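Take a look at the letters that make up each chain.
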Amino acid sequence: MTETFEFKLIATDGQARRGEISMPRGSIRTPAFMPVGTGGTVKAMYMDQVRGTGADIILGNTYHLMLRPGAERMARLGGLHRFAGWNRPILTDSGGFQVMSLSGLRKLTEQGVTFQSHIDGSRHEMSPERSIEIQGLLGSDIQMQLDECVRLPATPTEIERAMEMSLRWAERCRVAFGEQPGKAMFGIVQGGDIPTLRERSAHGLKALDLKGYAVGGLAVGEPQEVMLDMLDVTCPILPSEKPRYLMGVGTPDDLLKSVGRGIDMFDCVMPTRAGRHGLAFTRHGKINLKNARHAEDHRPLDEESSCPAARDYSRAYLHHLVRSNEILGMMLVTWNNLSYYQDLMSGIRASIEAQRFADFSAETQEMWARGDI
Ligand SMILES: CC1(C)O[C@@H]2[C@@H](CO[C@@]3(CNc4nc5cc6c(=O)[nH]c(N)nc6cc5[nH]4)OC(C)(C)O[C@@H]23)O1
């Protein structure tokens, strides 16, 4: 742990990078997967369980927490870490993306975004400066700039307008954030599926000399190859000595292929959301526990796993819980999924250090394909 925010590259293997972010609240082994804790909770998990799966950092959402319980109230309560019982780093998204995907009656201008709460219809304004202020009130360790992510498909003109405004907002966020040695503010690369706009966004953000760079505007329904193509364009421009965070991604296959293109950090609701719907991620691929074929299967999900949810319960029991819509079903499958995601990241990190990431990636994909489940 350090009093400052430091990223060190430990090893590289092709474009894949093994690194470590040191912050006052703890260090983050990269490539890292950040469990999503949108409203101050990683759904269906205790925070010490989340840590037990191997997570070094979790994600929170400005949009949700500013609406409920409120940013100033959170500050009065001592901040999100104390509120939620997670004392390690927290990254918070800035809210713009959630406004566009969740709220009603939105108005977006150069000044910022005005919107209606999806909870009670109350009206709110959020400027780049207010987003950074809210993230500060929450006590966030890694704060994201306010940006505009256009929904694809969109016209090049629309994508260019949003990308250029996001660049201007990045500068305003950098000024508002100021100098906070133990914390970081990341810029977000936009530009949709247009390489030249992605390049301009990446160069523009690089010129701001930020502590880290996110790739946004992806995982919004585009084909995987489009997402990967945009990484091939963007990552080589971003400074190699700063962390790169791909927002909202993804499946285990997305993670492997994005690490292979130079991404260091990920977040996705996939493991937790799928867990609540009885979809288990394992070394052998995905298992839909609702399927009747599991009804008398004595086997656990993975007897070699260190996670009790994967090792100590039969598929028959998990099938029963999921079919009966029992709360314990959501808890156990979520626990299994987050544990598998962290085991995958741990395997990725070790393979980069051993200079065998390509083999690990191929072996892992073969295991998924073989199924044998
Ligand atoms: C993959 C999966 C399972 O994740 C689900 C659902 C649909 O995609 C997700 C995840 N994708 C995603 N792309 C993002 C892009 C940005 C961005 O450009 N800027 C900022 N500030 N934050 C972002 C957050 C992002 N999350 O986005 C919502 C709509 C939050 O639900 C998530 O499919």
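Data block above holds the structure.
Residues numbered from 1 in each chain as written. Predicted model: local features only at pLDDT ≥ 70, side-chain atom pairs only at ≥ 80, totals over all residues. Heavy atoms only, no water.

**Q** Help me out: how do you make sense of the overall build of the chain in this one?
**A** The helix and strand tally for the chain stands at 15 helices and 16 strands. Oriented by its inertia axes, the alpha-carbon framework of the chain measures out at about 60 × 45 × 45 Å. Within the chain, buried positions represent 57% of all 373 residues. In the chain, the share of contacts with a sequence separation of at least 24, taken over all contacts with a separation of at least 6, comes to 65%. Distance between charge centroids for the chain: 4 Å, based on 43 positive and 46 negative side chains. (Helix = DSSP H or I, 4+ residues; strand = E, 2+ residues; numbered from the N terminus. Buried < 20%, exposed > 50% of the residue type's maximum accessible area, 1.4 Å probe, protein only. Contact = heavy atoms within 4.5 Å. Lys, Arg positive; Asp, Glu negative; His and termini not counted. Charge placed at Lys NZ, Arg CZ, Asp CG, Glu CD.)

**Q** Please explain the nonpolar core as it appears in this structure.
**A** The nonpolar side chains of a soluble globular protein tend to be buried, and buried together. With 80 residues, the main nonpolar core has L246, F266 and I348 as its most contacted residues. Each residue touching I348, except ones within four places of it in the same chain, is listed here: P31, L256, V259, F357 and F360. Core analysis: the next-biggest nonpolar cluster, separate from the first, contains 20 residues, L59, F186, Y245 and M247 among them. (Core = buried A, V, L, I, M, F, W, Y, C linked by side-chain atoms within 4.5 Å.)

**Q** Honestly, unusual backbone geometry in this entry has me stumped. Any pointers?
**A** The phi torsion of most residues other than glycine is negative, and most of the peptide bonds are trans. Going from R68 to P69, the amide bond is cis rather than trans, its omega being 15°. You will see that A219, though not glycine, has its phi angle at about 55°, which is positive. The residue A219 is located in the loop between β12 (212-215) and α9 (224-234) in this model. Since its relative accessible area comes to 37%, A219 is described here as partly exposed.

**Q** Mind showing me how you'd approach the sheet that holds strand β3 (residues 26-30) here?
**A** Where strands meet in a sheet, backbone hydrogen bonds hold them as pairs that are either parallel or antiparallel. Here 3 strands make up an open sheet; going across it, the order is β1-β2-β3 and the pairing antiparallel. The open sheet is flanked by β1 (6-13) and β3, the only strands paired with a single partner. Pairs of neighbouring strands in the sheet enclose a mean axial angle of 10°, with direction left out of account. Relative to strand β2 (residues 16-23), β1 is paired through 7 bridges, and the arrangement is antiparallel. For D13, the partnering residue across the bridge sits in β2 and is A16. (Pairing = 2+ DSSP bridges. Axes fitted to C-alpha atoms, helices over the stretch in contact; angles between N-to-C directions.)

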